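Coordinate inspection notes
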Amino acid sequence: MNVDIAANLARIKQDIAAAARKVNRDPADIKLIVVTKTRDVATIQEAIAAGAERIGENKVQEIQDKYDQISSGVEWHMIGHLQTNKVKYIIDKVDLFHSLDRISLAAELNARAQKPVNVLVQVNISKEESKFGIEAEAAIDFIKQVANDYPMVKIKGLMTIAPYVDEPEETRPIFRQLRTLASEIKALAIPGVEMEELSMGMTNDYLIAVEEGASMVRIGTAIFGPR
Ligand SMILES: *Cc1c(COP(=O)(O)O)cnc(C)c1O
């Protein structure tokens with residue numbers, strides 16, 4: 001399969017910028033997480049050479065396998081479900097954990113941290129699709145508890161995964177709900193909690209997510225082709 005990674009990256013960045021301008025957002029406020037799960041190191045290096053600055057992986061094993069072979073200077077984002085007993089293998093490698101969804105994980109991150117650990121809280125807005133993520137109704141109490149009990153865990157925002165649908169427009173209400181929830185939380189001004197990041201949008205729906213306020217989009221297939 002012949003995929004022009006550089007051309008895909010350039011086109012996606014242009015499309016993100018256009019979607020941002022459409023709703024009077026600054027394109028510079030949207031960060032592209034290049035999702036490299038299942039891709040080999042040579043392919044990832046090619047993406048980095050083409051300007052990828054943030055790598056997203058969803059398995060601990062893949063981060064362990066690839067980390068030392070990838071040039072420093074890129075950010076590592078753990079975007080997948082994280083088992084508590086595997087935190088120790090990647091805590092010193094990951095710049096942002098996108099999927100904090102339970103107290104036991106916050107406790108483990110806090111216990112293992114040598115420096116503050118940046119996290120997003122994964123919220124399960126569309127309940128049928130994913131078994132992971134905290135329910136929206138429980139998010140505020142959860143965030144207050146983490147902020148209070150686990151000082152090394154720094155909440156930077158929220159993340160969600162929308163269900164795959166043929167018509168991306170249908171995901172709009174999900175992204176809007178996440179943004180609304182983030183504003184509610186921000187208004188509470190919980191000490192130690194920031195609500196600047198909204199990680200939402202993948203290959204199928206990232207333009208809708210940008211229109212609805214995403215600060216991070218996580219894109220794999222549109223850059224590298226089908227997995
Ligand atoms: C795989 C994955 C993505 C990227 O999906 P694509 O459809 O390939 O863009 C984004 N977020 C999460 C959590 C993923 O697991």
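Located above this text is the structure these notes cover.
The structure displayed is predicted, hence computed values, not measured ones.

1. Remarks on the pattern of salt bridges
- Taken as a whole, this structure holds 16 salt bridges when the rule is applied.
- For K156, the salt bridge goes to E194, with nearest N and O atoms at 3.4 Å. In this pair, K156 sits in strand β6 (residues 153-159) while E194 sits in the loop between α7 (172-188) and β7 (197-199), placing the two residues 38 residues apart along the sequence.
- Judged by its relative accessible area of 21%, K156 is partly exposed.
- R172 serves as the salt-bridge partner of E212, at 2.8 Å between the closest nitrogen and oxygen. Highlighted residues: E212 in the loop between α8 (206-211) and β8 (216-219) and R172 in helix α7, separated in sequence by 40 residues. R172 shares its class with E212; the two are buried.
- Three or more residues joined by partner-sharing salt bridges are found here, namely K22, E169, R172, R176, R179, E211 and E212.

2. Considering the site of the ligand
- Close to the ligand lie V35, K37, I79, I161, M202, T203, R218, I219, G220, T221 and R227, which account for all nearby residues.
- One of the side-chain N or O atoms of K37 is found 2.7 Å from an oxygen atom in the ligand.
- Alone, the ligand offers 390 Å² of accessible surface; in the complex the protein occludes 89% of this.
- Classifying every residue of the shell around the ligand gives five nonpolar, three polar and three charged.

Definitions and limits used
Residues numbered from 1 in each chain as written. Predicted model: local features only at pLDDT ≥ 70, side-chain atom pairs only at ≥ 80, totals over all residues. Heavy atoms only, no water. Salt bridge = Lys/Arg side-chain N within 4 Å of Asp/Glu carboxyl O. Helix = DSSP H or I, 4+ residues; strand = E, 2+ residues; numbered from the N terminus. Buried < 20%, exposed > 50% of the residue type's maximum accessible area, 1.4 Å probe, protein only. Near = heavy atom within 4 Å. Polar contact = N/O pair within 3.5 Å; in protein donor to acceptor, adjacent residues only side chain to side chain. Areas by Shrake-Rupley, 256 points an atom, 1.4 Å probe, with all protein chains shown as cover. Nonpolar A, V, L, I, M, F, W, Y, C, P; charged D, E, K, R; others polar.

Without other data, these values stay purely geometric and don't point to any function.
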